[in-house]
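The primary structure of each chain is shown beneath.
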Protein chains: 2
Amino acid sequence: MIVLEVMHMIKNMDKKYNGITTYKIGEVARRADVNKETVQYYEKRKLIPKTDRRRSGYRIFTQRHIDQIKFIKRAQQLGFTLTEIKELLELRLDEETSCSEIKEEAQQKYQDVSEKIDDLLRIKETLTGLIDSCSEDGTIGDCPILEALEGKNKTGKQLRK
Amino acid sequence: MIVLEVMHMIKNMDKKYNGITTYKIGEVARRADVNKETVQYYEKRKLIPKTDRRRSGYRIFTQRHIDQIKFIKRAQQLGFTLTEIKELLELRLDEETSCSEIKEEAQQKYQDVSEKIDDLLRIKETLTGLIDSCSEDGTIGDCPILEALEGKNKTGKQLRK
DNA sequence: TTTGACTCTCGACCATGGTACAGGGCTTAT
DNA sequence: ATAAGCCCTGTACCATGGTCGAGAGTCAAA
């Protein structure tokens, strides 16, 4: 059974460009757990590197594409928009971008991420409290989660727009 | 100048029900930094407690409503959908819900939140690395953020749906 | 060499989370 | 008592992030 599956997976891989394993869109979608259309959509939005094509027009994907799509999916669950995710993915040092540019960008993102972590830690604590208080006496009438993010109005600044 | 603003804020508060300060929708929207329509939308979706009404039909809000709206906004930035946020807000112990019910729910949420925190910590580390490497030698060609969430395929289970 | 499964493009459609009126009724300072 | 400025309901519209289908071409195992 498992052998058949593995064979199927191998079947769906093409060894093409100098020993690098490549994939067609269906296999990429399956491996990244998204629809084909989503892959195409991400390509259009330039969230994944532009694919090479075979003479037929079929897109040629690599493991890199799969990893990047998985990253995008995770980042979305963390509250980043596709636009923000694009910015994150473009954060790199190369001959085009200067150090100070990158540094500023990265430091801004670092701030955002830190604040998200803090918020989530507060929620986590509240949940712990809730779970613990279950082992105790009786009922808590009000909404305990509400206080989780209170009293930390973060300098009045908005994270988004 | 500030005095005028404070007076304006006081003007927009009604002391109504046994000494509790109440607000009209415009003031709530201003204080929670959303549109009036959003407040109405949240009421329709039962994300905030049903408001009392004056004889005129005007909604009567309290500080509780404002806090809850702020919570909703923050939770959204952390990647929770409105449906998930509703579940979070309903997590409480009262005469209606049994301890074991709550506990199970809360433990599931705890899991989700912990995973989000882990992911964000990984991203944060990557950003630190990026910022630090700026002070050093030259250029890094590839996309450093991509590895951030790799190699932790969390037991194949999906967070959402 | 055929045939079933796959791929292409492109345009329409969908769900979520709002946002914007229109037409009418309150409220309140003057 | 009146006008500016609120609030009400309801419906239509919007942006984001997909999702679906038609019509036509490609691939590969038998």
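Engineer: Which parts of the structure should I look at to understand the protein's contact with DNA strand C?
Structural biologist: Close contacts around DNA strand C come from 23 residues, with G26 and R59 of chain A together with Y58, K73 and Q76 of chain B the closest. In DNA strand C, the atoms that sit within 4 Å of the protein are 81% sugar and phosphate, with bases accounting for the remainder. A distance of 2.7 Å is found between a phosphate oxygen of DNA strand C and a backbone nitrogen or oxygen belonging to G26 of chain A. K36 of chain A is positioned such that a nitrogen or oxygen atom in its side chain is 2.9 Å from a phosphate oxygen of DNA strand C.

Engineer: So what exactly am I meant to see when it comes to the pattern of salt bridges here?
Structural biologist: It is possible for side chains of opposite charge to pair when their charged atoms get near one another. Going through the model one piece at a time under the given rule, you end up with twelve salt bridges over all chains. A salt bridge links E90 of chain A to K86 of chain A, with the shortest nitrogen-to-oxygen separation between them at 3.5 Å. Of the two residues, E90 of chain A and K86 of chain A are both situated in helix α5 (residues 82-90); the distance of four residues between them amounts to about one turn of the helix. For K109 of chain B, the salt bridge is made with E87 of chain B, and the minimal N-O distance between the two is 2.6 Å. Of this pair, K109 of chain B sits in helix α6 (residues 99-133) while E87 of chain B is found in helix α5 (residues 82-90), placing the two residues 22 residues apart along the sequence. Look at E87 of chain B and you get partly exposed, because its relative accessible area is 32%. Salt bridges sharing partners connect three or more residues here, namely E27, R30 and R31 of chain A.

Engineer: Can you walk me through the packing of helix α2 (residues 25-32) of chain B against helix α4 (residues 63-77) of chain B in this structure?
Structural biologist: Packed helices, taken two at a time, are described by the angle between their axes plus the distance between the axes. Residue and element names in this part refer to chain B. Look at α2 against α4: their axes get within 9 Å of each other, and the N-to-C directions meet at 40°. In terms of their interaxial angle, α2 and α4 are classed as oblique. Along this stretch, α2 crosses α4, giving a crossing that reads as right-handed. Residues V28, R31 and A32 of α2 lie in contact with α4, whose contacting residues are I66, I69 and K70.

Engineer: Sorry, what's going on with α4 of chain B here?
Structural biologist: An α-helical turn contains 3.6 residues, so a residue and the one three or four places further along point in the same direction. The terminal C-alpha atoms of α4 of chain B, which comprises 15 residues, lie 22 Å apart, in line with the 21 Å expected from a rise of 1.5 Å per residue. Within the sequence span of α4 of chain B, burial applies to H65, I66, D67, Q68, I69, F71, I72, R74, A75 and Q77 of chain B. Residues of α4 of chain B that are buried in the fold lie against α6 (99-133) of chain A together with β2 (21-23), α2, α3 (36-44), β4 (59-60) and α5 of chain B. Two residues or fewer after α4 of chain B comes G79 of chain B, characterised by a positive phi angle close to 90°.

Engineer: Explanation requested: the protein's contact with DNA strand D in the structure shown.
Structural biologist: In the vicinity of DNA strand D there are 21 residues, among which Y58, K73 and Q76 of chain A together with G26 and R59 of chain B approach most closely. Near-protein atoms of DNA strand D (within 4 Å) split between backbone and bases, with sugar and phosphate holding 81%. Within the side chain of N35 of chain A, an N or O atom sits 3.3 Å from a phosphate oxygen of DNA strand D. Elements that contribute at least two residues to the surface near DNA strand D include exactly α3 (36-44) and α4 (63-77) of chain A together with α2 and α3 of chain B. Sort the elements by how many residues they give to the surface near DNA strand D and α3 of chain A lands first, with four residues.

Engineer: I keep staring at the packing of aromatic side chains and nothing clicks. Help me out?
Structural biologist: Aromatic ring pairs are reported here in terms of the distance separating the ring centres and the angle at which the planes meet. Residues and elements named next belong to chain A. A complete count under the given rule lists two aromatic pairs over all chains for this structure. Ring geometry for Y41 and Y42: centres 6.3 Å apart, planes at 45°, overall tilted. Taking the relative accessible area as the measure of exposure, Y42 reaches 3% and is therefore buried. For the cation-ring pair, K116 lies above F80, with the distance from its terminal atom to the ring centre recorded as 4.3 Å.

Reading guide: rules and limits
- Residues numbered from 1 in each chain as written.
- Chains lettered and ligands numbered in written order.
- Predicted model: local features only at pLDDT ≥ 70, side-chain atom pairs only at ≥ 80, totals over all residues.
- Heavy atoms only, no water.
- Near = heavy atom within 4 Å.
- Polar contact = N/O pair within 3.5 Å; in protein donor to acceptor, adjacent residues only side chain to side chain.
- Salt bridge = Lys/Arg side-chain N within 4 Å of Asp/Glu carboxyl O.
- Helix = DSSP H or I, 4+ residues; strand = E, 2+ residues; numbered from the N terminus.
- Buried < 20%, exposed > 50% of the residue type's maximum accessible area, 1.4 Å probe, protein only.
- Axes fitted to C-alpha atoms, helices over the stretch in contact; angles between N-to-C directions.
- Parallel < 35°, antiparallel > 145°, perpendicular 65-115°, else oblique.
- Left-handed = near helix turned anticlockwise from the far one by under 90°.
- Contact = heavy atoms within 4.5 Å.
- Expected span 1.5 Å × (residues − 1).
- Phe/Tyr/Trp six-rings, centres within 6.5 Å; stacked < 30°, edge-to-face > 60°.
- Lys NZ or Arg CZ within 6 Å of the ring centre and 35° of its normal.

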